Amino acid sequence: MSENENGGREGRRGFLKAAAASAAAVAVGAELLRPEPAAAQSVAWKQAGNNNHVLELQKAVPETAGKVQIDYFGHTAFRITTPAGLTLVFDPWRNDPSGAWGLWFPKEFPKLKVDVGLSTHAHFDHDALDRLEATALLDRVPGTWSFADVTITGVADKHATDAPGWYKWIDAVKEFGADPYPPNNPGHLDNVTYLVETGGVRILIWGDNRHNPPDDVWKKWGRVDVLTLPVDGSQHILSYEQANGVVDRLKPKVVIPTHYLAAGTSSTLSTLQTADAWVDAQKASKRLDGPNLALDPASIAGYDRQFLYFGPNVLRG
């Protein structure tokens, strides 16, 4: 058999395999478009760390003053370190395991040792809790949780569904027979925001929440000092107008953009763009020169809707 003949047969086999895989994907399209959970079962038994740090914090008198450290890992992933040293990681990302949504991140989220891991909702770009060597996990948890020098209030609401940008990703949910709109939305379009109170600073982790929740949700947030919001040039989650409306209603001292394209961390295949244009249009904005930020009540006292933009500055492990 010649190389050409053999290559032709192998090529046809490859094509048939690919076609079969595509047909299978179409047949279970609705399942593919429903993001899978972070892990089929607990992976905590494989963790290298233990809870010694939490035990120390548990018996110590919590610090009530000091800097709150915010480290940015790209997309909507943050590590917050309280003045007492408790570490919290929010919304670690991964690629969609079904493959239906394509490659968003060229590399895996770094393995991090952390006291508490949290996820706002069950989408692949927010729920890689298995990448955390965590003592405790809060996965879409409403209600109040307190430990050491932090109080976290989970406020349940709904994921944004307007898809105001050019890429109408919400139509994919409709194409496979689901109603994406509350109150009939599937569970993966629920969202929990986290109000983090520590060191005298109130930080609202927005996740992908809608811009127009009911009044009772706004009341539960109350005063917000630092607000994270998912805005990029493609307006994938929130439009500029929607996000500006949220900022004007909450009037935070600091606004931190999230969910945008960061070179080296997220890919152009995500369809996201940078948040440069949104930030540049604000009255008060500053481009940070690194992935770290330290805040306390005194340092932000004079701010009024000051935008602090990490841009491409992202921690990578």
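For the structure, check the block above.
Okay, so let's go over this structure. Here the structure is a predicted model, which is why all the values come from computation and not from measurement. (Residues numbered from 1 in each chain as written. Predicted model: local features only at pLDDT ≥ 70, side-chain atom pairs only at ≥ 80, totals over all residues. Heavy atoms only, no water.)

1. As for the environment of Leu250
This is how the line gets drawn: The numbering of helices and of strands both runs from the N terminus, where a helix is a DSSP run of H or I of at least 4 residues and a strand a run of E of at least 2. Burial classification: accessible surface area is computed with a 1.4 Å probe over protein chains only, and a residue below 20% of its type maximum counts as buried, one above 50% as exposed, and the rest as partly exposed. Whether two residues touch is decided by their heavy atoms; if any such pair falls within 4.5 Å, the residues are in contact.
Looking at the element boundaries, Leu250 is found in helix H6 (residues 240-250). Classification of Leu250 by relative accessible area gives buried; the value is 11%. Leave out the neighbours within four places in its chain, and Leu250 touches Leu204, Trp206, Trp218, Trp221, Gly222, Val224 and Leu227.

2. Details of the sheet that holds strand E3 (residues 87-90)
Selection rule: Any two strands with at least two DSSP bridges between them are considered paired. Here the axes come from fitting lines to C-alpha atoms, over the contacting stretch only for helices, and the angles between their N-to-C directions go from 0 to 180 degrees.
Read across the sheet, six strands follow the order E5-E4-E3-E2-E1-E13 without closing on themselves; strand pairing throughout is mixed. Each edge of the sheet is formed by a strand with only one pairing partner; in this case those strands are strand E5 (132-139) and strand E13 (292-295). Direction aside, the axes of adjacent strands within the sheet are offset by 25° on average. Inspection of the sheet shows strand E2 (residues 78-81) paired to E3 by four bridges, in the antiparallel sense.

3. Here we look at the layout of surface pockets
Counted only if it meets this: Detection works on a 1 Å grid of protein atoms alone, calling trapped sets that fit a 1.4 Å probe cavities and calling open sets with protein on both sides within 12 Å along at least five of seven lines pockets, with lining residues defined by an atom within 4 Å of a point. Grid points are joined across faces, edges and corners, and a volume is the space filled by probe spheres set on the points. Gly is put with the polar residues, along with every residue not named as nonpolar or charged; the nonpolar set is Ala, Val, Leu, Ile, Met, Phe, Trp, Tyr, Cys and Pro, and the charged set is Asp, Glu, Lys and Arg.
Roughly 210 Å³ of internal volume is contained in the second largest pocket. What lines the second largest pocket is simply Asn244, Val247, Asp248, Ala281, Gln282, Lys283, Ala284, Asp304, Arg305 and Phe307. In terms of residues, the lining of the second largest pocket owes the most to one element, H6, which gives three residues. Across the lining of the second largest pocket, the residue classes break down as four nonpolar, two polar and four charged.

4. Examining the pattern of salt bridges
Opposite charge on two side chains lets them pair, provided their charged atoms get close. Threshold: Each salt bridge in this description consists of a side-chain nitrogen of Lys or Arg and a carboxyl oxygen of Asp or Glu lying within 4 Å of one another.
Per the stated rule, a full pass over the model turns up 16 salt bridges. One salt bridge in this structure joins Asp139 and Arg140, with 3.0 Å as the shortest N-O distance. A residue is classified by how much of its surface remains accessible, and Asp139, at 32% relative accessible area, is partly exposed. Exposure remark for Arg140: the relative accessible area of 40% places this residue in the partly exposed category. In this structure, the salt-bridge partner of Arg305 is Asp304, at a minimum N-O distance of 2.9 Å. A relative accessible area of 48% places Asp304 in the partly exposed class. One network of salt bridges, in which partners are shared, links Asp248, Asp304 and Arg305.

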